[in-house]
Amino acid sequence: MEKLPKIGIPVIAVFIIAIILIAKSAITIDSGEAGVLFKTFGDGVVTDEPPMGEGFHIVAPWNKVFIYEVRQQELFEKMKVLSSNGLEIQIDASAWYEPVYADLGNLHQSLGKGYLDRVIKPAIRSAARSVVGRYTPEQLYSSKRDAIQDEIFEETKKILEKQYVQLNEVLVRDVTLPITIKDAIERKLKQEQESLEYEFRLVTAAKEAEKVIIEAQGKAESNRILSASLTDKILQDKGIDATVKLSESPNTKIIVIGSGESGMPLILGNN
């Protein structure tokens, strides 16, 4: 160091300080992230400008950059809530959410990086308690799962509307009832199914019986009409027509037995 020119020491010092400043000023924001700038000697968090996007940035070394993930994220929650009759129900749900990109500065200023625990989790739990409290365990177990999923989503979305967070979806993955209640519901559903099957068999049998009766009535009416139409005159005319047709055969001889109108033809065929 004694051999260095006097001017060399300040130059080296400035160079080292410059490297340190550049290292502290260089900010790299990864894919799926964004940065919120905090100006130490300014107005603090920058909220009137878009957040810093992906890539390399240089900022003043006395300023700070807070990096947020702006991709869609998933929250998995197990919640114990009460049904309309006071029974404890466990709901397993997932929520898909992301910060509102344009309002990232406002989110950082009002809630900070802990916004998940500060607003999203309490909002989902509150909505779940409110919605599940409207239904009985039987409804939750069978027919209303899709309905409560949609209602939890809508109520949570309404709570988060002014919190600079975007809720994309709420999925109810499972509804767990106390085992005794679950068994009772399953027995009741089985009995209802068996009752419906029995009613269906009764209706089917009644329709089959009605069909047989209608068919029998139709046949009886047809026979009655036919019997009423077959008078002695018609039968005699039919017999005469058949005799005439048979007499036209070259191998047939006709012998009349009796005389007058009472005579009956006897037909003999030669083969």
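Analysis parameters
- Residues numbered from 1 in each chain as written.
- Predicted model: local features only at pLDDT ≥ 70, side-chain atom pairs only at ≥ 80, totals over all residues.
- Heavy atoms only, no water.
- Helix = DSSP H or I, 4+ residues; strand = E, 2+ residues; numbered from the N terminus.
- Buried < 20%, exposed > 50% of the residue type's maximum accessible area, 1.4 Å probe, protein only.
- Areas by Shrake-Rupley, 256 points an atom, 1.4 Å probe, with all protein chains shown as cover.
- pLDDT = per-residue confidence, 0-100.
- Pairing = 2+ DSSP bridges.
- Axes fitted to C-alpha atoms, helices over the stretch in contact; angles between N-to-C directions.
- Contact = heavy atoms within 4.5 Å.
- Parallel < 35°, antiparallel > 145°, perpendicular 65-115°, else oblique.
- Left-handed = near helix turned anticlockwise from the far one by under 90°.
- Nonpolar A, V, L, I, M, F, W, Y, C, P; charged D, E, K, R; others polar.
- Polar contact = N/O pair within 3.5 Å; in protein donor to acceptor, adjacent residues only side chain to side chain.
- Phe/Tyr/Trp six-rings, centres within 6.5 Å; stacked < 30°, edge-to-face > 60°.
- Lys NZ or Arg CZ within 6 Å of the ring centre and 35° of its normal.
- Expected span 1.5 Å × (residues − 1).
- Salt bridge = Lys/Arg side-chain N within 4 Å of Asp/Glu carboxyl O.

1. A short note on the overall build of the protein chain
And then number 1: Along its length, the protein chain carries seven helices and ten strands.
And then number 2: Scored against the burial criterion, the 271 residues of the protein chain give a buried share of 26%.
And then number 3: Accessible surface, the protein chain: about 18,600 Å² in total, of which carbon and sulfur atoms supply 57%.

2. Remarks on the confidence of the model for the protein chain
And then number 1: Of the residues in the protein chain, 66% reach a pLDDT of 70 or more, and the chain-wide mean stands at 79.
And then number 2: Looking across the protein chain, the model is least confident in strand E10 (residues 264–269), with a mean pLDDT of 50, and most confident in helix H2 (residues 104–110), with 95.

3. As for the sheet that holds strand E8 (residues 165–176)
And then number 1: Across the sheet, which stays open at both edges, the three strands sit in the order E6-E7-E8 with antiparallel pairing between neighbours. Of all the strands in the sheet, the pair left with one neighbour each is strand E6 (73–82) and E8. Each strand axis lies, on average, 25° off the axis of its neighbour in the sheet, ignoring direction.
And then number 2: As judged from the ten bridges shared by strand E7 (residues 88–99) and E8, these two strands associate in the antiparallel manner. Across the sheet, Tyr-97 pairs through a bridge with Leu-167, a residue of E8.
And then number 3: Each of E6, E7 and E8 touches helix H3 (residues 115–132); the most contacted strand, E6, lies at about 40° to it.

4. Concerning the packing of H3 against helix H5 (residues 145–159)
Two measures define how a pair of helices packs: the angle their axes make with one another and the distance between the axes.
And then number 1: Relative orientation of the contacting elements H3 and H5 amounts to 135°, with a least axis distance of 8 Å. Judged by the inter-axis angle, H3 sits oblique to H5. Every pair of crossing elements has a handedness; the one defined by H3 and H5 is right-handed. Judged by residue contacts, Ala-123, Ile-124, Ser-126, Ala-127, Ala-128, Ser-130 and Val-131 of H3 engage Ile-148, Glu-151, Ile-152, Glu-155, Thr-156 and Ile-159 from H5.
And then number 2: The residue makeup of the contact of H3 with H5, split by class, is eight nonpolar, three polar and two charged.

5. Observations concerning the side chain of Asp-92
And then number 1: Within the secondary structure, Asp-92 is located in strand E7.
And then number 2: On the basis of relative accessible area, Asp-92 is assigned to the buried category, the value being 8%.
And then number 3: Engagement of the side chain of Asp-92 in a polar contact is seen with the side chain of Gln-90, the distance being 3.3 Å.
And then number 4: Setting aside chain neighbours within four positions, we find Asp-92 in contact with Phe-76, Glu-77, Lys-78, Leu-171, Val-172, Arg-173 and Asp-174.

6. Overview of unusual backbone geometry
And then number 1: If you check the backbone angles, Tyr-164 has positive phi at about 65° while not being a glycine.
And then number 2: Locating Tyr-164 in the fold gives a position in the loop between H5 and E8.

7. Quick notes on the packing of aromatic side chains
And then number 1: One pass over the full model with this rule turns up two aromatic pairs.
And then number 2: Geometrically, the ring pair formed by Tyr-97 and Tyr-115 is edge-to-face, given 6.3 Å between the ring centres and 80° between the ring planes. Note that Tyr-97 is positioned in strand E7 and Tyr-115 in helix H3, a separation of 18 residues in sequence. Each member of the pair, Tyr-97 as well as Tyr-115, carries the same accessibility label: buried.
And then number 3: In this structure, Lys-113 is placed above the aromatic ring of Tyr-68, and the distance from its NZ or CZ to the ring centre is 5.7 Å.

8. Some details on H3
Each α-helix winds once per 3.6 residues, and so residues spaced three or four apart point in a common direction.
And then number 1: Here H3 is 18 residues long and its end C-alpha atoms lie 25 Å apart, about the 26 Å a rise of 1.5 Å per residue gives.
And then number 2: For H3, the set of buried residues is Tyr-115, Val-119, Ile-120, Lys-121, Ala-123, Ile-124, Ala-127, Ala-128, Val-131 and Val-132.

9. Describing the pattern of salt bridges
If charged atoms from side chains of opposite charge come close, those side chains can pair.
And then number 1: Using the criterion set out here, one finds seven salt bridges in the structure.
And then number 2: A salt bridge links Glu-155 to Arg-134; the nearest nitrogen and oxygen atoms lie 2.1 Å apart. Of this pair, Glu-155 sits in helix H5 while Arg-134 is found in the loop between H3 and helix H4 (137–141), placing the two residues 21 residues apart along the sequence.
And then number 3: Overall, Glu-155 belongs to the partly exposed group, its relative accessible area being 22%.
And then number 4: A relative accessible area of 43% places Arg-134 in the partly exposed class.
And then number 5: Because the salt bridges share partners, they merge into one network encompassing Arg-134, Glu-151 and Glu-155.

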